[in-house]
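Chains, contacts and geometry: an overview
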Amino acid sequence: MSNLNIFKIGVGPSSSHTLGPLVAANLFCKKILPLLAQITRVQVTLYGSLSLTGRGHLTDRAILWGLSGIEAKHLKASLQEEINARALQDHTLNLCGKKEISFTYEEDVIFSEEFLSLHENGLRIAVFDKNGKELDSQVYYSIGGGFVKTQEDFENASDTSNTLDSGYFSIENATKALYLCDEKNYNLAQLSLEYEKQFLSEQDIRNYCLEIWQVMQEVYDNGTKPKDIYLPGKLHLKRRAKGLFERVHATTDPMGIIDFISLYAIAIAEENASGAKVVTAPTNGACAVVPAVMLYLKNHTIGFNDNQAIDFLLTAMLIGSFYKKNASISGAEAGCQAEIGSASSMAAAAMATVLGAEARKACNAAEVAMEHHLGLTCDPVGGLVQIPCIERNAFGAIKAISAARMAMTRKSIPIVSLDEVIETMYQTGKDMNVKYRETSLGGLAKTLIC
């Protein structure tokens, strides 16, 4: 399976709570198309973290957009507002974009207190005929990063063979990656490219990476000149990137570079918090870490070009795949260490690689970055991806840059491997009290009554 979708063009504020439910609704629309003529009602039940923080993350709205047959890449503010108004005011839904049905928000969107066993982010979609008979239903799990699974997907995930008769090879972890890099004399970007060429042509891979990089830069640019002064939601949080952009300038202060890195991250994270288009990297809550490091390299180092941007993204997606396969990139499952920590780890390895580090040093950079995010909770105030999430992206980028520089100047052999720190992160997340895993039941989420 390709790792390109570690980076995907999506919509804020949350990949697991907004993009994932939207994708689930898209999938359900495809499932029910043969039944469309009989359907007169749809009902959605949200479970666990999706229920507890769903309103702040626009989960309920995202499902309406998805059930209307709209994919994330085609969303525009005007279209979102139109669907919301039709559903909430006119009480109608254009199911799958093909059939008008009646819709009553208070009855057709249920916020359950139950947690499903397979994942903290569960939702069930069901459709009924005019007699109230259930025609079809499906339970989906939004596992982070906009990825969605069904129970069948979880059950079929047991096939982890590394080599298939067709010649396909997989890279399940950093240990396997380093073995292959030693064998082929590759760095991580070269290995990632060879892996992706099993699924797409090299030109298609390059084009995809350049599209992702272009959108990242567009999101940053949009974030420095927003139309609204305040972010949406009950916190009434004032956007800071525009003012920071106007104040930041070249300085003889050697620490002044931190202001630029903070600007890059805050501008992008504020766009995500506003519900605008962003690149999931590997999640929306952590969407600003990777592009902030890339913008640092582009604007403050010599020689960063499109080829290096491609190598950066190829390396980052490979590292991100190790977290996705062997741990989690979901804040609801493993805390913010799984989001900001994973993004920082990805960016550290990628930065080291494009600056010339061989695979072992790059993996050490990834390990160092994650090591200093271990135990990080996911407890956004008011259930909004704003406090502390926006600033947290800036710190994740700064830590990534520090980790890359530390690893590249290191002479000693690291004691802890990347695979070991990934395993530790996942176990730490599972041991973390549920109050601190994107449920708004504890931590910073309870310090301010909204």
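Residues numbered from 1 in each chain as written. Predicted model: local features only at pLDDT ≥ 70, side-chain atom pairs only at ≥ 80, totals over all residues. Heavy atoms only, no water.

For strand β6 (residues 121-128), a buried count of seven out of eight residues is recorded, marking the element as mostly surrounded by other parts of the structure. As defined by bridge partners, strand β2 (residues 41-47) adjoins β6 across seven bridges and the pair is classed as antiparallel. Paired with Y47 across the bridge in β6 is G122. As defined by bridge partners, β6 adjoins strand β7 (residues 134-144) across seven bridges and the pair is classed as antiparallel. By the bridge assignment for β7, F128 is matched with E134. Between β6 and β7, which follow one another and run antiparallel, lie five residues, and G132 among them has a positive phi close to 85°. (Buried < 20%, exposed > 50% of the residue type's maximum accessible area, 1.4 Å probe, protein only. Helix = DSSP H or I, 4+ residues; strand = E, 2+ residues; numbered from the N terminus. Pairing = 2+ DSSP bridges.)

A cluster of nonpolar side chains, contributed by L52, F115, V434 and L441, occupies part of the molecular surface with about 290 Å² of accessible area. For F115, the location among the structural elements is in the loop between β5 (109-111) and β6. (Patch = residues over 30% accessible without salt bridge, like charges linked within 9 Å, V, L, I, M, F, W, Y side chains within 5 Å. Areas by Shrake-Rupley, 256 points an atom, 1.4 Å probe, with all protein chains shown as cover. Salt bridge = Lys/Arg side-chain N within 4 Å of Asp/Glu carboxyl O.)

Time to look at the nonpolar core. F7, M216, F312 and L418 are the most contacted members of the largest nonpolar core, which has 104 residues in total. Ranked by the residues each element gives to this core, the list is headed by helix α13 (residues 306-326), at eleven residues. With 36 residues, the next largest nonpolar core counts F28, Y105, I125 and V148 among its residues. (Core = buried A, V, L, I, M, F, W, Y, C linked by side-chain atoms within 4.5 Å.)

A few words on helix α12 (residues 289-300). Over its twelve residues, α12 runs 16 Å from end to end, which matches the ideal 16 Å to within 8%, given 1.5 Å per residue. Within α12, the full set of buried residues consists of V289, V290, P291, A292, V293, M294, L295, Y296 and L297. Of the surrounding secondary structure, the elements contacted by the buried residues of α12 are α9 (202-223), α11 (257-273), α13, α15 (340-354) and α17 (389-409). (Expected span 1.5 Å × (residues − 1). Contact = heavy atoms within 4.5 Å.)

With that settled, the discussion passes to the environment of P13. With respect to the element layout, P13 can be found in the loop between β1 (8-11) and α1 (15-32). Residues contacting P13, with those up to four places away along its chain left out, are T18, G56, H57, L58, N272, A273, G275, N284, G285 and V385.

Take α17 next. Each α-helix turn comprises 3.6 residues. Residues three or four places apart therefore point the same way. In this model, α17 (21 residues) spans 30 Å end to end at C-alpha, consistent with the 30 Å of a helix rising 1.5 Å per residue. Listed as buried for α17 are C389, I390, R392, N393, A394, G396, A397, A400, I401, A403, A404 and A407. The inward-facing, buried residues of α17 abut α11, α12, α15 and α16 (359-371).

These values are about where atoms sit, not about what they do.
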